[in-house]
Amino acid sequence: MIAKNISFELIAERMGRIKPSPTLAVNSLATRLKAEGHDVIDLGVGEPDFDTPENIKQAAIQAIKQGKTKYTPVDGTIELKKAIIGKFARENDLHYTPGQITVSTGAKQVLFNALLASVNPGEEVIIPAPYWVSYPDMVAFAEGKPVIVSCPADKGFKLQPEQLEKAITANTKWLILNSPSNPTGAAYTEDELQSLAQVLLRHPHVQIMSDDIYEHIVFDGFEFKTIAQVEPRLFSRTLTVNGVSKSYAMTGWRIGYAGGDEALIKAMAKIQSQSTSNPCSISQAAAVEALNGTQEFLAINRETFEERRNMVLDLLNKIPGINCNSAEGAFYLFPSCEGLIGKRTPEGKIINSCGDFAAYLLEKGLVAAVQGAAFGMPNFFRISYATSNEVLKEACHRIAKVCASLS
Ligand code: PLP
């Protein structure tokens, strides 16, 4: 009764700082169209189409049978932390103690915890664009200031050392690096990381968040390196983030992890202790098997993705008005649709932006892709090729058809 007379805003002001994830929004639109009976091809998804390997599933089943169904330590079981320490040592030559490791409900929560635990109001976080959609919003939610540095296609969508030097101020807290990248697939070579490291060594107050979630999905013999490995003097300033979602086709299991400074890791656990508590106990047991068990399927998956990348790249670059860089890794391509901006649809609508193009593609071509503006780079769009060759061929055919009908 009394509440009726009190004027209040239900939604907090801080919610004004963020927007819903645009990739998930495309996904739900495509799902809705499908439910309405439209034959939509969804190239908006950010997950491998492969099933989780059998040995990992079996480990989860065993965990259930053994009663591993209770709360675990907030930021991960010791078994999983040991498996993560082993993985970092084996694959990245990074050497952590259990106190320097955290486990969360996906790499997304790791990044969220890290930013929330470390960024003071107004502190700056350098984010090279095109970027993964969540970085700027997470920084803004933490009351930080995202500093977006545009990295164009002709520089391989990669941050250049002189750009980094220019972007750093006394207020810079973090640089976020993501290699291989979502949305471009671009990956930094050892030399390129070393050049960025030289700049970072001159600015000891800048911390580095290295998002390596696509580490295992690299092509043409590309040798993956992470920045703390390339420049050990940056080890103590780097939070190396990874997870099982992409490499092990485990997106739904929700396990991400990181290695970094012990004080930061502790602060991240504190946030987790007051929000979600431990990540799923069964998923943690499965992740132990993912990291310690056979790694055979990694190469098989990599080959499949490489074949698809080659095919889609070739088909896209045959479409007049579309121009696409190759990608060193991940399972995305990021073509330019600049050549189609200003054109007119058969219905007389002008394509004024990549958002208009993506909408036209979905409406007329029934292909869901995400507009480049969502990743901080207009005039592009992202497609995920984590689906079968037949579907990809049909999607490229549809894209070509709707592009050809623009005048
Ligand atoms: N980082 C990047 C670059 C991603 O693309 C994603 C997922 O799309 C994540 C982090 C989060 O992965 P997860 O929370 O599934 O571990």
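Keep in mind that what you see is a predicted model, and the values were worked out from it rather than measured.

Participant: Whenever I open this one, helix H12 (residues 354-365) confuses me. Can you help?
Facilitator: For the α-helix, the turn length of 3.6 residues means that residues three or four positions removed from each other point alike. For H12, every residue scored as buried is listed here: Cys354, Gly355, Phe357, Ala358, Tyr360, Leu361, Leu362 and Gly365. Elements that come into contact with the buried residues of H12 comprise helix H1 (22-35), strand S10 (367-368), strand S11 (370-371), strand S12 (381-384) and helix H13 (389-404). Leu366 lies just past H12 and shows a positive phi near 55°.

Participant: I would appreciate a short explanation of the domain arrangement of the chain in the present structure.
Facilitator: Accessible area lost upon the coming together of the parts is a frequently used measure of interface size. Here the chain is described as being made up of domain 1 (7-51 + 297-404) and domain 2 (69-292). Placing the centre of domain 1 and that of domain 2 at their C-alpha centroids yields a distance of 25 Å. Each partner contributes residues to the interface: domain 1 has 37 residues there, and domain 2 has 38 residues. Summed over both partners, the interface of domain 1 with domain 2 comes to about 3,100 Å²; 61% of that surface belongs to carbon and sulfur atoms. Of all residues in domain 1, the largest losses of buried area upon contact with domain 2 belong to Arg17, Glu328 and Phe375, amounting jointly to 21% of the total for that side. Applying the counting rule to domain 1 against domain 2 returns three salt bridges. Residue Asp137 pairs with Lys19 through a salt bridge whose shortest N-O separation is 2.7 Å. Our count for the domain 1 to domain 2 interface comes out at 18 residue pairs in polar contact (both at pLDDT 80 or more). For the side of domain 1 that touches domain 2, the elements supplying multiple residues, two or more each, are H1, helix H11 (296-317) and strand S9 (332-333). Per element, the largest residue contribution to the side of domain 1 that touches domain 2 is seven residues, and it comes from H11.

Participant: How should the site of the ligand be read in this particular structure?
Facilitator: Looking at the ligand, there are 13 residues lining it, with Ala107, Asp211, Tyr214, Ser245 and Lys246 nearest. Note that a nitrogen atom of the ligand is positioned 2.6 Å from one of the side-chain N or O atoms of Asp211. Within the side chain of Arg254, a nitrogen or oxygen atom sits 2.7 Å from an oxygen atom of the ligand. For the ligand, whose unbound accessible area comes to 400 Å², protein coverage reaches 92%. The residue inventory of the shell around the ligand, partitioned by class, reads five nonpolar, four polar and four charged.

Participant: So what exactly am I meant to see when it comes to the packing of helix H2 (residues 54-65) against helix H10 (residues 281-292) here?
Facilitator: When two helices pack together, their arrangement is given by the angle between their axes and by how far apart the axes lie. Following both chains from N to C, one finds H2 and H10 inclined at 140°, their axes separated by 8 Å at the closest point. Taken as axis vectors, H2 and H10 run oblique relative to one another. Crossing geometry of H2 relative to H10 is assigned as right-handed. Of the residues in H10, those in contact with Asn55, Ile56, Ala59, Ala60, Ala63 and Ile64 of H2 are Ile282, Ala285, Ala286, Glu289 and Ala290. Within the contact of H2 with H10, the residues separate by chemical class into nine nonpolar, one polar and one charged.

Participant: Is there a simple way to think about the pattern of salt bridges in this case?
Facilitator: One side chain can pair with another of opposite charge once the charged atoms of both are near each other. Evaluation of the coordinates by the stated rule reveals 20 salt bridges. Here Arg202 and Glu165 are joined by a salt bridge, their closest N and O atoms 2.8 Å apart. Residue Arg202 is located in the loop between helix H7 (190-201) and strand S6 (207-211), and its partner Glu165 is located in helix H6 (residues 161-167); the two are separated by 37 residues in the primary sequence. Judged by its relative accessible area of 52%, Arg202 is exposed. For Glu165, a relative accessible area of 28% corresponds to the partly exposed category. Put simply, Lys225 and Glu223 hold a salt bridge, and the shortest N to O gap is 3.2 Å. Residue Glu223 is classed as exposed on the basis of its relative accessible area, which comes to 56%. Here the salt bridges share partners, and the residues they tie into one network are Asp39, Glu394 and Arg398.

Cut-offs and rules
By convention here, each chain's residues receive numbers from 1 onward along its written sequence. The model is predicted, so local features are restricted to residues of pLDDT at least 70 and side-chain atom pairs to those at 80 or more, both for listing and for counting; the totals for chains, interfaces and linings are taken over all residues. Only hydrogens and water are removed before side-chain values are computed, so all heavy atoms of the structure are retained for them. For every residue, the accessible area (1.4 Å probe, protein chains only) is compared with the maximum for its type, and the residue is labelled buried under 20%, exposed over 50%, or partly exposed between those bounds. Secondary structure elements are defined from DSSP: runs of H or I of at least 4 residues count as helices, runs of E of at least 2 residues count as strands, and each element is numbered from the N terminus. In what follows, residue pairs with any heavy atoms lying within 4.5 Å of each other are defined as contacts. By convention here, the domain bounds are inherited from an automatic or database domain assignment. Accessible area that two parts lose when put together, with a 1.4 Å probe and added across both, is what the buried area reports. The working definition used for a salt bridge is a side-chain nitrogen of Lys or Arg within 4 Å of a carboxyl oxygen of Asp or Glu. Counted as a polar contact is a pair of N or O atoms within 3.5 Å, where, for protein atoms, one must be capable of donating a hydrogen and the other of accepting one, and residues adjacent in sequence contribute only when both atoms are in side chains. For this purpose, a residue is taken to be near a molecule or strand whenever a single non-hydrogen atom of the residue falls within 4 Å of it. Residue burial considers only the protein chains on display, and all accessible areas are found by Shrake-Rupley using a 1.4 Å probe. Any residue outside Ala, Val, Leu, Ile, Met, Phe, Trp, Tyr, Cys, Pro, Asp, Glu, Lys and Arg is labelled polar, Gly included; the first ten of those are nonpolar and the last four are charged. Axis geometry follows a simple rule: fit a line to the C-alpha atoms, using only the stretch in contact for helices, then measure angles between N-to-C directions, giving values from 0 to 180 degrees. Working definition: roughly parallel below 35 degrees, roughly antiparallel above 145 degrees, roughly perpendicular at 65 to 115 degrees, and oblique for all remaining angles. In this scheme the crossing of two helices becomes right-handed for a clockwise turn of the near helix relative to the far one and left-handed for an anticlockwise turn of less than a right angle.

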